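Results of the structural survey
In case you want the letters, here they are:
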Amino acid sequence: MINGIIGKKVGMTQLFADDGTVTPVTVIKAGPCVVVQTKSSAGKDGYDAVQIGLVEERPVKLKNVNKPMRGHFEKTGAGTPPTRVLKEFRLDGDPGVSVGDKILVGEQFADGDSIEVIGKSKGRGFAGTVKRHKFSRGPESHGSMNVRAPGSIGQSAYPSRVIKGTRSSGHMGDVRITVKGLTVARVDAENNLLMIRGAVPGANGTVVIVKKSVRQKKK
């Protein structure tokens, strides 16, 4: 079976228990998704996988789909509408679904499930060493000229060069991040919402992948 779903990050909120306990949660608009393609180890693909697409409120118009992707969706033969987001999930055997089937969050997850979320972190642009690598800054007293400078990074006689991998200023953020050990706080199957305890990577509106953890937490 498929062990995940595609969604979009909505934002963060709080859940209040009967005893007054407050739990910070991230709301994910998870699905609905549709099966676009199935791959089998017995076929030409050589491995078992399922490709699913995220069905959005604003469907993609056929005129905005290029010819290769249009042919990919037409080849399914199930009348699957084009989707903007496609993701592939590897499997260990029979997927148990066929092309055109819907993947719903209420069928995939339940309250208390241990999950992991894959997303892209927020892009911070070009950042210095203090912000990017948490370097300590210099003194801010009168006459100091080394407040946020990285300091010396080279060597003198040997090897007389900057070592590869030296932490320095550069591009920060906008990278793929997997956060493990998260827990499903609540599932709203009617509205296709998944509430996850804690924070997940990415800005509001970005696409994330929610998968069941291989190692489930002990209850």
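The coordinates are above.
This is a predicted model, so every value here is computed, not measured. (Residues numbered from 1 in each chain as written. Predicted model: local features only at pLDDT ≥ 70, side-chain atom pairs only at ≥ 80, totals over all residues. Heavy atoms only, no water.)

Before going further, it helps to examine the sheet that holds strand S6 (residues 102-103). Here we have four strands laid out as an open sheet, ordered S5-S4-S3-S6, and antiparallel in their pairing. Only two strands of the sheet have a single neighbouring strand rather than two, namely strand S5 (86-90) and S6. (Pairing = 2+ DSSP bridges. Helix = DSSP H or I, 4+ residues; strand = E, 2+ residues; numbered from the N terminus.)

So, about a positive patch on the surface. On the surface, Lys122, Arg124, Lys131 and Lys134 cluster together into a positively charged patch. With respect to the helices, strands and loops of the structure, Lys131 is situated in helix H3 (residues 129-133). (Patch = residues over 30% accessible without salt bridge, like charges linked within 9 Å, V, L, I, M, F, W, Y side chains within 5 Å. Areas by Shrake-Rupley, 256 points an atom, 1.4 Å probe, with all protein chains shown as cover. Salt bridge = Lys/Arg side-chain N within 4 Å of Asp/Glu carboxyl O. Lys, Arg positive; Asp, Glu negative; His and termini not counted. Charge placed at Lys NZ, Arg CZ, Asp CG, Glu CD.)

With that settled, consider the side chain of Thr83. Within the secondary structure, Thr83 sits in the loop between helix H1 (67-74) and S5. A residue is classified by how much of its surface remains accessible, and Thr83, at 11% relative accessible area, is buried. Of the polar contacts made by the side chain of Thr83, one reaches the backbone oxygen of Val85; its length is 3.4 Å. (Buried < 20%, exposed > 50% of the residue type's maximum accessible area, 1.4 Å probe, protein only. Polar contact = N/O pair within 3.5 Å; in protein donor to acceptor, adjacent residues only side chain to side chain.)

A regular strand places its side chains on the two faces of the sheet in alternate fashion. Of the pairings in the sheet, the one linking strand S1 (residues 4-16) to strand S12 (residues 207-212) comprises five bridges and is antiparallel in character. Residue pairing in the sheet places Gly4 in a bridge with Lys211 of S12. Relative to S12, strand S7 (residues 114-120) is paired through four bridges, and the arrangement is antiparallel. Bridging from a neighbouring strand, Val117 pairs with Val210 of S12.

Before going further, it helps to examine the pairing of strand S10 (residues 176-188). Here S7 pairs with S10 via six bridges, running antiparallel. Residue pairing for S10: Val117 is matched across the bridge by Val179. Examined bridge by bridge, S10 and strand S11 (residues 193-197) share five bridges and lie antiparallel to one another. Pairing of Arg186 across the sheet is with Met195, part of S11. Joining the antiparallel neighbours S10 and S11 is a turn of four residues, in which Asn192 adopts a positive phi near 60°.

Each neighbour pair has its own omega, and for Tyr158 with Pro159 the value is 0°, a cis peptide bond. Assignment of secondary structure puts Pro159 in the loop between H3 and strand S9 (170-172). The phi dihedral of Ser160 falls on the positive side, at around 60°, and the residue is not glycine. Inspection of the secondary structure assignment puts Ser160 in the loop between H3 and S9.

To continue, consider the nonpolar core. Across soluble globular proteins, you tend to see nonpolar side chains buried next to one another. Formed by 28 residues in total, the largest nonpolar core has its most connected members in Ile52, Leu194 and Val210. Secondary structure elements with two or more residues in this core: S1, strand S2 (22-30), strand S3 (33-39), strand S4 (49-54), S7, S10, S11 and S12. If we skip the residues at most four places from it in the chain, Leu194 touches Thr26, Val27, Ile28, Ala30, Val105, Phe109, Val184, Arg186, Val187 and Val210. Listed in part, the six residues of the second largest apolar core include Val25, Val27, Ala185 and Met195. (Core = buried A, V, L, I, M, F, W, Y, C linked by side-chain atoms within 4.5 Å. Contact = heavy atoms within 4.5 Å.)

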